[in-house]
Amino acid sequence: MRALVFHGPDDLRVEEAPDPVPAAGEVLLEIVATGICGSDLHGYTGENGRRHPGQIMGHETVGRIAALGEAVGEDLTVGAPATVNPVIGCGACPQCGAGSEQHCARRRVIGVDPALSSAFAEYMTVPARNVVPLPPEVPIEYGALVEPLAVGYHAAVRGRTAPEDRVLVVGGGPIGQACALAARRLGAARVAVSELSAGRRDLVTALGFAAVDPSRGDLAELVGEALGGPATVVIDAVGSSGSLAGAFAASERAARVVLVGMGAPDVSLSAYAISTDERSVIGSFCYPSEEFRRTAEWVATLPAGLEHLIDDRVAFDAGPKAFAELAAGGLDASKILVLTGR
Ligand SMILES: [Zn+2]
Ligand SMILES: [Zn+2]
């Protein structure tokens, strides 16, 4: 099969790789489309050190079931479209038993762990329990959006987002877009997204959210105008000292501030914005498997706005060029899909 193989910073190549064979309990998926994630991009440039030379990346994916290994349940059938939950737990610990594989001490993530079959390839093998079938009437590309949308959904759930909340999302890239859509999915009608890029603000506006340009003035004032008061929930999809300072400034006392962006490994925070103002700072990573499944079901209802989330599609052979252009900042994109079909 063909695969996009990462060879080191700024070096991705289309190469022949051995066809994966499903073991017992595994499914062989013929990949249709895979999204380029910010984490893939930072791995590609070498910034985050979370990708390793020789590996195949890709964890936001959709395809069709091509073969079943032994001992795979009857809920999966050859030919069915399916997406993949890339978080693989050990399956034996209490966290996995509770469906919170993201808390499993031995969890591995497809597209991150070099030993795992991953999605920038024509085929991949996946544990059957991580395969989530999609109804055939759903445009198959939407399956590649389930993973980032589930990240946003978990962040909004972690913030206990409710209809009465005033929600600020910091950062309007794909994860910020997913967080805003998730806040709406949880009933919040007042949702604003702060974002520096004009192209992304246009997209956020097209999705029906208030877009705030933080370069225009005082963020707290701009957010107050957009939401009718300070935020009660902030979802920080950037994850830097600056974004958290903005989150605190634009939220009221006792607000919940969810940190889902991984912009910096270390941040400095205003202690008093947490202690005397009683804000909660809440971490969010991936999603429990049940939230991933529920997000796939939600995508299958074709909610308004999904059509805006795919910015561009590139052919498999053009994958390395798309990575290079994204890394150079040449594209003001939402989500770019690499299509695997010949
Ligand atoms: Zn991702
Ligand atoms: Zn486990």
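## Some words on the overall build of the protein chain
Argument step 1. Within the protein chain, the regular secondary structure consists of 11 helices and 17 strands.
Argument step 2. Over its C-alpha trace the protein chain gives a radius of gyration of 20 Å, about what one expects of a compact globule, namely 20 Å for 342 residues.
Argument step 3. Its C-alpha atoms put the protein chain at 55 × 40 × 35 Å along the principal axes.
Argument step 4. Buried residues in the protein chain amount to 55% of all 342 residues.

## Topic: the pattern of salt bridges
Argument step 1. Enumeration according to the criterion identifies 14 salt bridges in this entry.
Argument step 2. As a salt-bridge pair, Arg-2 and Glu-122 come within 3.5 Å of each other at their nearest N and O atoms. Linking Arg-2 in strand β1 (residues 2–8) with Glu-122 in the loop between β7 (108–109) and β8 (123–127), this pair joins segments that are 120 residues apart in sequence. Comparing Arg-2 with Glu-122 shows no difference in burial state: the two are buried.
Argument step 3. Three or more residues are tied together by salt bridges with common partners; here these are Arg-2, Glu-122 and Asp-317.

## Concerning helix α1 (residues 38–45)
Argument step 1. Among the residues of α1, those classed as buried are Ser-39, Asp-40, Leu-41, Gly-43 and Tyr-44.
Argument step 2. Considering only its buried residues, α1 is in contact with β1, β2 (11–16), β3 (26–35) and α11 (319–327).
Argument step 3. At the C-terminal side of α1, Gly-46 shows a positive phi close to 90°.

## Here we look at the nonpolar core
Side chains of a nonpolar character, in soluble globular proteins, are inclined to be buried together.
Argument step 1. Among the nonpolar cores identified, the biggest contains 49 residues, and Leu-149, Phe-209, Ile-235 and Leu-309 are the most heavily contacted of them.
Argument step 2. Considering each element in turn, this core owes the most residues, 7 residues, to helix α3 (residues 146–158).
Argument step 3. Dropping the residues within four chain positions of it, Leu-149 is found in contact with Ala-178, Leu-181, Thr-295, Trp-298, Val-299, Leu-306 and Leu-309.
Argument step 4. Grouped together as the second largest cluster of nonpolar side chains are 21 residues, Ile-36, Ile-56, Ala-322 and Leu-326 included.

## A few points about the coordination of the zinc ion (ligand 1)
Argument step 1. Here the zinc ion (ligand 1) is held by the protein donor atoms Cys-37 (SG), His-59 (NE2) and Glu-60 (OE), which lie 2.1 to 2.7 Å from it.
Argument step 2. Mapped onto the polypeptide sequence, the residues donating to the zinc ion (ligand 1) form the spacing pattern C-x21-H-E. The residues His-59 and Glu-60 share a single accessibility class, namely buried.

## Quick word on the packing of α1 against α11
Argument step 1. Relative to each other, α1 and α11 sit at 90°, their axes nearing to 10 Å. When the axis of α1 is compared with that of α11, the two are roughly perpendicular. On α11, the residues touching Asp-40, Leu-41, Tyr-44 and Thr-45 of α1 are Pro-320, Phe-323, Ala-324, Leu-326 and Ala-327.
Argument step 2. Its residues assigned to classes, the contact of α1 with α11 shows 7 nonpolar, 1 polar and 1 charged.

## Here we look at the coordination of the zinc ion (ligand 2)
Argument step 1. For the zinc ion (ligand 2), the protein coordination sphere consists of Cys-90 (SG), Cys-93 (SG), Cys-96 (SG) and Cys-104 (SG), at 2.3 to 2.4 Å.
Argument step 2. Of note is the zinc ion (ligand 2), whose 4 donor atoms meet at the metal with angles of 105 to 117° in an arrangement that counts as tetrahedral.
Argument step 3. Considered as a linear motif, the donors of the zinc ion (ligand 2) on their single chain read C-x2-C-x2-C-x7-C. Like Cys-104, Cys-96 is buried.

## Focus: the domain arrangement of the protein chain
Argument step 1. Segmentation of the protein chain into domains returns domain 1 (2–146 + 287–339) and domain 2 (160–283).
Argument step 2. Averaged C-alpha coordinates put domain 1 and domain 2 at centres separated by 28 Å.
Argument step 3. The partner domain 2 presents 11 residues to the 13 residues of domain 1 that form the contact.
Argument step 4. Between domain 1 and domain 2, roughly 970 Å² of surface is buried when both sides are summed, and carbon and sulfur atoms account for 58% of that area.
Argument step 5. Inspection of the region where domain 1 meets domain 2 yields 0 salt bridges.
Argument step 6. Applying the counting rule to domain 1 against domain 2 returns 3 residue pairs in polar contact (both at pLDDT 80 or more).
Argument step 7. If you list the elements that add at least two residues to the side of domain 1 that touches domain 2, you get α9 (289–300) and α10 (306–309).
Argument step 8. With 3 residues, α9 is the single largest residue contributor to the side of domain 1 that touches domain 2.

## Examining unusual backbone geometry
Argument step 1. The backbone phi angle of Ala-71 is positive, close to 60°, even though this residue is not glycine.
Argument step 2. By the element assignment, Ala-71 lies in the loop between β4 (60–68) and β5 (81–84).
Argument step 3. Positioned with a positive phi, Leu-302 is a non-glycine residue whose angle comes to about 50°.
Argument step 4. With respect to the helices, strands and loops of the structure, Leu-302 is situated in the loop between α9 and α10.

## Remarks on the packing of aromatic side chains
Argument step 1. A full pass over the atoms with the stated rule returns 3 aromatic pairs.
Argument step 2. Arranged with centres 5.3 Å apart and planes meeting at 55°, the rings of Tyr-44 and Phe-323 form a pair that is tilted. Taken together, the residues Tyr-44 in helix α1 and Phe-323 in helix α11 connect sequence positions 279 residues apart.
Argument step 3. Judged by its relative accessible area of 4%, Tyr-44 falls in the buried class.
Argument step 4. Exposure remark for Phe-323: the relative accessible area of 0% places this residue in the buried category.

Parameters and conventions
Residues numbered from 1 in each chain as written. Chains lettered and ligands numbered in written order. Predicted model: local features only at pLDDT ≥ 70, side-chain atom pairs only at ≥ 80, totals over all residues. Heavy atoms only, no water. Helix = DSSP H or I, 4+ residues; strand = E, 2+ residues; numbered from the N terminus. Rg over C-alpha atoms; globule rule 2.2 N^0.38 Å. Buried < 20%, exposed > 50% of the residue type's maximum accessible area, 1.4 Å probe, protein only. Salt bridge = Lys/Arg side-chain N within 4 Å of Asp/Glu carboxyl O. Contact = heavy atoms within 4.5 Å. Core = buried A, V, L, I, M, F, W, Y, C linked by side-chain atoms within 4.5 Å. Donors = N, O, S within 2.8 Å, 3.2 Å for Na, K, Ca; no water. Axes fitted to C-alpha atoms, helices over the stretch in contact; angles between N-to-C directions. Parallel < 35°, antiparallel > 145°, perpendicular 65-115°, else oblique. Nonpolar A, V, L, I, M, F, W, Y, C, P; charged D, E, K, R; others polar. Tetrahedral: all angles 85-135°; square planar, octahedral: opposite > 155°, others 65-115°. Domains from an automatic or database assignment. Buried area = accessible area lost by both parts, 1.4 Å probe. Polar contact = N/O pair within 3.5 Å; in protein donor to acceptor, adjacent residues only side chain to side chain. Phe/Tyr/Trp six-rings, centres within 6.5 Å; stacked < 30°, edge-to-face > 60°.

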